[in-house]
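Residue strings, one per chain:
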Amino acid sequence: ETGVTQSPTHLIKTRGQQVTLRCSSQSGHNTVSWYQQALGQGPQFIFQYYREEENGRGNFPPRFSGLQFPNYSSELNVNALELDDSALYLCASSLAGVYGYTFGSGTRLTVV
Amino acid sequence: QQPVQSPQAVILREGEDAVINCSSSKALYSVHWYRQKHGEAPVFLMILLKGGEQKGHEKISASFNEKKQQSSLYLTASQLSYSGTYFCGTGASGNTGKLIFGQGTTLQVKP
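Residues numbered from 1 in each chain as written. Chains lettered and ligands numbered in written order. Predicted model: local features only at pLDDT ≥ 70, side-chain atom pairs only at ≥ 80, totals over all residues. Heavy atoms only, no water.

**Here's the deal with the overall build of chain A**
Looking only at helices and strands, chain A has zero helices and eleven strands in total. From first element to last, N terminus to C terminus, chain A shows the α and β order β-β-β-β-β-β-β-β-β-β-β. Taken over the C-alpha trace, chain A has a radius of gyration of 13 Å; the compact-globule value for 112 residues is 13 Å, and the two agree within 12%. Its C-alpha atoms give chain A principal-axis dimensions of roughly 40 × 25 × 25 Å. Taken across its 112 residues, chain A has 50% of its residues classed as buried. Counting contacts in chain A only where the partners sit at least 6 residues apart, residues at least 24 apart contribute 53% of the total. Per element, the accessible surface of chain A, about 5300 Å² overall, is 49% carbon and sulfur. (Helix = DSSP H or I, 4+ residues; strand = E, 2+ residues; numbered from the N terminus. Rg over C-alpha atoms; globule rule 2.2 N^0.38 Å. Buried < 20%, exposed > 50% of the residue type's maximum accessible area, 1.4 Å probe, protein only. Contact = heavy atoms within 4.5 Å. Areas by Shrake-Rupley, 256 points an atom, 1.4 Å probe, with all protein chains shown as cover.)

What follows is the structure in structure tokens.
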């Protein structure tokens, strides 16, 4: 098992810019979820992709969007960055979403 | 709505036991438990599905009371490696994709 890989590990962006975060799922997993984790808080659900289709979304504005590719890897795109978008972004993969999730180590995004 | 975890923090000596509780105001289909060490990814411990089952993982076990919409994580004979922040994640339907996580319980095990 290769686990979940996220890139980049750290990123600094300016308010108003756009950012793309990437995630490679664990081998054999077909479901990817993205979470935002503020310091000292639990992860907040952004959205989930299953077989390249969005399959559930949390309370995040449309400027948060995503993609899942045929190899089940995924991207999270955030447009018009705001200071409050500064957080750790976690990607988690699973098999059909009914088993435990394997999380990546995350991307630490800082918006200045 | 976010499940409520208690206690918020606990300090133990090696070999002591601890219980972490997770309560939800919504009907639950599943409960996940994860442990996150500082600067690392959350690590899956176990999942419990509705039916009130209890599961075990080494010296860590958990129960799920569907009627009370509660789950408890039991850590027995704690080890230094158990230190970290424990999160419960609740799923409210058959599609457990959307997990709502609690605020976390920080556990510190001292020698």
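Having seen the model, we can carry on.
**Side note on the interface of chain B and chain A**
How big an interface is tends to be stated in terms of accessible area lost as the parts join. In this complex, chain B contributes 18 residues to the contact, which on the side of chain A involves 23 residues. Where chain B abuts chain A, roughly 1400 Å² becomes buried across the two surfaces, and 53% of that area is made up of carbon and sulfur atoms. At the junction of chain B with chain A, the criterion picks out zero salt bridges. The tally of links from chain B across to chain A stands at three residue pairs in polar contact (both at pLDDT 80 or more). Sorting the residues of the side of chain B that touches chain A by element identifies β4 (30-36) and β5 (43-49) of chain B as the ones contributing at least two each. Classifying every residue of the side of chain B that touches chain A gives eight nonpolar, nine polar and one charged. (Buried area = accessible area lost by both parts, 1.4 Å probe. Salt bridge = Lys/Arg side-chain N within 4 Å of Asp/Glu carboxyl O. Polar contact = N/O pair within 3.5 Å; in protein donor to acceptor, adjacent residues only side chain to side chain. Nonpolar A, V, L, I, M, F, W, Y, C, P; charged D, E, K, R; others polar.)

**What about the pattern of salt bridges?**
Residues and elements named next belong to chain A. All chains considered together, the criterion is met by four salt bridges over all chains. Between Glu-54 and Arg-57 there is a salt bridge whose closest N-O contact spans 3.3 Å. A salt bridge links Asp-85 to Arg-63, with the nearest nitrogen and oxygen atoms 2.8 Å apart. In this pair, Asp-85 sits in the loop between β8 (74-78) and β9 (87-94) while Arg-63 sits in the loop between β6 (53-57) and β7 (64-68), placing the two residues 22 residues apart along the sequence. A relative accessible area of 3% places Asp-85 in the buried class. Using a relative accessible area of 16% as the deciding quantity, one classes Arg-63 as buried. It is possible to trace a salt-bridge network through shared partners that takes in Arg-63, Glu-82 and Asp-85.

**Topic: the side chain of Ser-83 of chain B**
All names here are of chain B. Looking at the secondary structure, you find Ser-83 in the loop between β8 (70-75) and β9 (84-91). For Ser-83, a relative accessible area of 19% translates into the label buried. Excluding its chain neighbours within four sequence positions, the residues that come into contact with Ser-83 are Arg-35, Lys-37, Leu-107, Gln-108 and Val-109.

**Re the environment of Ala-87 of chain A**
Residues and elements named next belong to chain A. Turning to its location among the elements, Ala-87 is positioned in strand β9. Assessed through its relative accessible area of 3%, Ala-87 is described here as buried. Through-space distance from the C-alpha of Ala-87 to that of Val-111 is 8.8 Å; in sequence the pair is 24 residues apart. Ignoring anything within four residues of it in the chain, the contact list for Ala-87 reads Gln-36, Gln-37, Ala-38, Thr-107, Arg-108 and Leu-109.

**Focus on the sheet that holds strand β3 (residues 19-24) of chain A**
Residue and element names in this part refer to chain A. Across the sheet, which stays open at both edges, the four strands sit in the order β1-β3-β8-β7 with antiparallel pairing between neighbours. Each of the sheet's edge strands pairs with one partner strand only, and the pair in question is β1 (5-7) and β7. Averaged over all pairs of adjacent strands, the angle between strand axes in this sheet comes to 15°, irrespective of strand direction. (Pairing = 2+ DSSP bridges. Axes fitted to C-alpha atoms, helices over the stretch in contact; angles between N-to-C directions.)

**Looking at the state of the cysteines**
Residue and element names in this part refer to chain A. All chains considered together, the criterion is met by two disulfides over all chains. Linked covalently through their sulfurs, Cys-23 and Cys-91 form a disulfide whose S-S length is 1.8 Å. With the S-S bond torsion at -60°, the cross-link from Cys-23 to Cys-91 turns out left-handed. Taken together, the residues span a long stretch of sequence, with Cys-23 in strand β3 and Cys-91 in strand β9 at a distance of 68 residues. As far as burial versus exposure is concerned, Cys-23 and Cys-91 are alike and both buried. (Disulfide = S-S within 2.5 Å.)

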